[in-house]
Amino acid sequence: YYFLNLGGSPDEMDDYDHDQNDGIEMNGTAIGGFVGGGDNFDDEEADSGVPNPEPLSTIKPLVRSQNRMFLCAIATVMIAAAVYVIGGVYQADDNDLPEDYNVQKGVIEDGNEFPTLEGDYPAGGKKGHASANWFDHNSQDNNSTNGLLHQELNRTQNAHDAAMARWNRTHPGEPLPGKCERIESKYRLWHNENITLADGVQYTVIEQMQHDGDAFTQGLTYHNGKLYESTGLNGKSSVRILDAQTAKVEKKIDMAYKYFGEGMAFVNGLLYQITWKKRTGFVYNATDLSLVKQFSYTTTKGEGWGITYARCNDEFIVSDGSNYLHFWDKETLTQKRKIEVFRQNGKPAKEINEIEYWKGRVIANIWYEDVIIVINPKTGVVEKEYDFSKLWDSKERKQTSKAGVLNGISVSSQLNVLYVTGKNWNRMYKIRLK
């Protein structure tokens, strides 16, 4: 304190000599009584220009005050850090769920049909698994269906590991909730909202794109920057890959005349397509649209209309034009159960057409209606009904002779954004539901 208050420099430190009895000598000049409070300074010494140090009785309160301020600052920082950590763990219950990872980087994203937490194919493609019969486990060709499946396996497994690591950090000692529980928790606010046709327009148009007006759209789904479309009518049915940014057709294969293409779903590098009355479905490689396998199925009406993959229970959901939703085992493609669906007016939800699994709910088009309904897949209750009659006015549509009803819903790369279009519509929209 003496050194600092007298304005001495570090180089002068050697000139200072402190004697407990006689005080301090500066360049041979004694300044007595510093330790005792500076009372021994005489006038001559005071006139020398050397300031008289303040007594300890004055210094101690200042030091104590500074110490208190320092301790308060430290305590504030510690409290803020604790709030940040605890708040982060609390928020993780609803917002930082495992689905928030990006699957293309080996971690899970949210809101889309793909991916699931668990690997859909066992590590190494062990024989005996239902999907093991679909591809050659010894093939190393990354462009083949086999290679694509194994790539999806690796990404899905990495996603699972990352999800578990994150959960263990934010919820130490707690078991990871089931997929359905996580989805219900994350979207419960939207699930609880009641929206009816009487509420009018309850969506926002984000973008309008050109769409092939010759496409009688029956199924629409998305994955990794690509839209996949299934079109109908005998002799005009096809499977298409579209650029998700422009809706431009990048690749197309035509179906045999006898097949009327219907809904389509993407799961782990494969496209699953159903047909109208032939009770026949097809599985394609999503990259080149090569046929992987063909399968048969049954529904309430013996028809196929819409299909989607529900990652919550790792199963397909299928509509057939009735008011039933059918739940298929993903591996055997056979029905496990079905539920009846009723509209908000209490009447059966007949003619459920194209469907998509989104935020733990089935969103569906209805044949002959410009609506999107939101169905609880556990209960069959229609929780919301969105009126889309003003998206493209029917009077204006009639000027385009082929344009029909709204049909075609797909998730996108953005959690809250959906693609919608219609049968023979020359346009496709990106929209956000309220």
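In this text the structure is predicted, and so the values were computed from the model without any measurement.

## Observations concerning the pairing of strand β9 (residues 261-267)
Part 1 of the argument: Within β9, seven of the seven residues are buried, which leaves it mostly tucked inside the rest of the structure.
Part 2 of the argument: Note: β9 against strand β10 (residues 270-275), five bridges, orientation antiparallel. Bridging from a neighbouring strand, G261 pairs with T275 of β10.
Part 3 of the argument: Hairpin remark: β9 followed by β10, antiparallel, with two residues in the connecting loop; positive phi at N268, about 50 degrees.

## A few points about the pairing of strand β11 (residues 280-285)
Part 1 of the argument: For β11, the tally of buried residues reaches six of six residues, placing the bulk of the element in the interior.
Part 2 of the argument: With burial as the criterion, each face of β11 is covered, one bearing T280, F282 and Y284 and the other bearing G281, V283 and N285.
Part 3 of the argument: Examined bridge by bridge, β10 and β11 share five bridges and lie antiparallel to one another. Note on β11: the bridge partner recorded for L270 is N285.
Part 4 of the argument: The loop that links β10 with its antiparallel partner β11 comprises four residues; one of these, R279, has a positive phi angle of about 50 degrees.

## Remarks on the state of the cysteines
What is meant by a disulfide is a covalent connection between two cysteines, made through their sulfur atoms.
Part 1 of the argument: Under the criterion given, the structure shown has one disulfide.
Part 2 of the argument: There is a disulfide in this structure between C180 and C312, and the S-S distance comes to 1.8 Å. Pair noted here: C180 is in helix α5 (residues 179-186) and C312 is in the loop between β13 (306-310) and β14 (315-319), with a separation of 132 residues, a long-range link. Comparing C180 with C312, the two get one shared label, buried.

## Quick word on the confidence of the model for the protein chain
Reading fine detail from the predicted coordinates is not recommended where pLDDT is low.
Part 1 of the argument: Taken over all residues, the pLDDT of the protein chain has a mean of 78, while the share at 70 or more is 69%.
Part 2 of the argument: When mean pLDDT is taken per element in the protein chain, strand β6 (residues 226-231) scores highest with 97 and helix α1 (residues 2-5) scores lowest with 38.
Part 3 of the argument: Here residues 1-47 is a poorly scored stretch, pLDDT under 50, and it has 58 contacts once near neighbours within four places are set aside; other chains count.
Part 4 of the argument: The low-confidence segment residues 88-140 (pLDDT under 50) makes 151 contacts with residues lying over four places distant or belonging to another chain.

## Thoughts on the sheet that holds β10
Part 1 of the argument: The four strands lie next to each other as β9-β10-β11-β12, forming an open sheet whose pairing is antiparallel. Each end of this open sheet is capped by a strand with a single partner; those strands are β9 and β12 (291-296). For this sheet, the mean angle separating the axes of adjacent strands, direction not counted, is 20 degrees.

## A few points about the pattern of salt bridges
Part 1 of the argument: The final tally for this structure, using the stated rule, is 16 salt bridges.
Part 2 of the argument: E207 is paired through a salt bridge with K430; the nearest N and O atoms lie 3.7 Å apart. A residue pair is termed long-range when its members are at least 10 positions apart, and E207 in strand β4 (residues 203-210) and K430 in strand β23 (residues 427-433) qualify at 223 residues.
Part 3 of the argument: Judged by relative accessible area, E207 falls into the partly exposed class, the value being 30%.
Part 4 of the argument: With a closest N to O distance of 3.2 Å, D314 and K330 form a salt bridge. Remark: K330 occurs in the loop between β15 (324-329) and β16 (335-340) and D314 occurs in the loop between β13 and β14; sequence separation between them is 16 residues.
Part 5 of the argument: Here the salt bridges share partners, and the residues they tie into one network are E184, R361 and E383.

Scoring rules and cut-offs
Per chain, residues are indexed from 1 in the order of the written sequence. Only residues with pLDDT of at least 70 get local features here, since the model is predicted, and only at 80 or more are side-chain atom pairs given and counted; chain-wide, interface and lining totals rely on the full set of residues. Water and hydrogen atoms were dropped before computing side-chain values, which therefore reflect all heavy atoms in the structure. Residue burial is assigned from relative accessible area. The probe radius is 1.4 Å, only protein chains are included, and a residue is buried under 20% of its type maximum, exposed over 50%, and partly exposed in between. Numbered from the N terminus, helices here are DSSP runs of H or I no shorter than four residues, and strands are runs of E no shorter than two. Strands were regarded as paired on the criterion that DSSP finds at least two bridges between them. Whenever a pair of cysteine sulfur atoms sits within 2.5 Å, that pair is classed as a disulfide. A residue's pLDDT is simply how confident the predictor is in it, with values from 0 to 100. Residue contacts are defined here by distance: any two heavy atoms, one from each residue, within 4.5 Å place the two residues in contact. Throughout, an axis means a line fitted to C-alpha atoms (over the contacting stretch in the case of helices), and angles, computed between N-to-C directions, take values from 0 to 180 degrees. Whenever Lys or Arg places a side-chain nitrogen within 4 Å of a carboxyl oxygen from Asp or Glu, that contact is recorded as a salt bridge.

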